[in-house]
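Below, each chain spelled out in residue letters.
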Amino acid sequence: MKHAFSLLFILTAGTATLSYAAEDLTVISNVTTNGKPGGIDTSYISGDHIRHSQSEGTDMIIDLKTGTMTNINEKKKNYFVITKQDLETMQAKMAERMSDPKMKQAMAMMQGLGSSMASSTEVKKTGVTRKVAGYACEEWLISMGGVMTITECVTNDLKYPVQSWAAMMDFNESMRKTMSGFGPSAKAGADYAEKMKSIKGFPVASSSTVDAGAVKITTASEVTEIRRDPIPASTWQVPQGFTQVENPMLKSMRESGR
């Protein structure tokens, strides 16, 4: 989980306790991988959009009004869009395939792995408090079955755009309803999300370690600056000259169904 800061924020945003304001936020973070500089991540948060620009050259734009997610690849100069209709289509295709005995077996294995991970996940405070980018934060430790550990330092002092807060709540609820039909593994995801509700606040620092025996990867992200200037409308647009490609998830499902 290279970018635990942004991913966990999206997963837990519906339960965080924050102060609200009307201004836009631009959150800039330094990223490191295995102790080496990994670049800069930038998150843009407005009343109806969120954009996360990763140091590796991939961006995601979420339109909170429509539920549309646009994934941009800066290196390949292309992008693809995931709509609510796409998610519903994938859900329907998964439901069709659940009648296949091999698919049922595979989903049962996924459910077992997911349930095991969810049941072994522990979320607790570390007792450590510090300041990051001028904001006081409290550390939480998330342990996942000895395979992954994540440390999040969250603050309740940061004012979040009030309109975006309401839109994010609606977006999360819509995603939960749609994803609930993706098979038995959905329950494991729900169990995990329930445990994550303990963490209340905006994450300003995060570190994660994945230990898979022969492979061990440690990544970290820490906020260095938070701006409150209005975000230009062009931030929510795909750069000119980029080519739209097919949603790879839909393409994969179509081709595997041949």
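Below: a short report on this structure.

Rules behind the numbers
Residues numbered from 1 in each chain as written. Predicted model: local features only at pLDDT ≥ 70, side-chain atom pairs only at ≥ 80, totals over all residues. Heavy atoms only, no water. Helix = DSSP H or I, 4+ residues; strand = E, 2+ residues; numbered from the N terminus. Buried < 20%, exposed > 50% of the residue type's maximum accessible area, 1.4 Å probe, protein only. Contact = heavy atoms within 4.5 Å. Areas by Shrake-Rupley, 256 points an atom, 1.4 Å probe, with all protein chains shown as cover. Pairing = 2+ DSSP bridges. Salt bridge = Lys/Arg side-chain N within 4 Å of Asp/Glu carboxyl O. Core = buried A, V, L, I, M, F, W, Y, C linked by side-chain atoms within 4.5 Å.

### Section: the overall build of the protein
- Assigned secondary structure in the protein consists of six helices and 14 strands.
- Looking at the 258 residues of the protein, the share that counts as buried comes to 40%.
- The long-range share in the protein, meaning contacts at least 24 apart out of those at least 6 apart in sequence, stands at 61%.
- As displayed, the protein has an accessible area near 13,500 Å², and 55% of this comes from carbon and sulfur atoms.

### Considerations on the sheet that holds strand S3 (residues 36-45)
- Spatial strand order, S8-S9-S10-S12-S13-S2-S3-S4-S5-S6-S7-S14: twelve strands in an open sheet with mixed pairing. Every other strand in the sheet has two partners, leaving strand S8 (121-132) and strand S14 (243-244) as the edge strands with one partner each.
- The pairing of strand S5 (residues 58-63) with strand S6 (residues 68-73) spans six bridges and is classified as antiparallel. Paired with Asp 63 across the bridge in S6 is Thr 68.

### Digging into the pattern of salt bridges
- Per the counting criterion, the structure on display carries six salt bridges.
- The residue Arg 51 makes a salt bridge to Asp 59 at a minimum N-O spacing of 2.6 Å.
- Arg 51 sits in the buried class, given a relative accessible area of 8%.
- The exposure class of Asp 59 is buried, given its relative accessible area of 8%.

### Regarding the nonpolar core
- Ranked by internal contacts, the top residues of the largest apolar core, which has 24 residues, are Val 132, Leu 158, Phe 202, Val 204, Val 223 and Ile 226.
- Within the residue set of this core, elements represented by two or more residues are strand S2 (25-33), strand S7 (78-82), helix H2 (84-97), strand S9 (135-144), strand S12 (202-211), strand S13 (216-227) and helix H6 (248-256).
- Sequence-distant contacts of Val 223, defined by excluding residues within four places in its chain, comprise Val 27, Ile 28, Ser 29, Val 132, Ala 133, Pro 203 and Val 204.
- Residues Met 144, Met 148, Ile 150 and Val 154 belong to the second largest nonpolar core, which totals nine residues.

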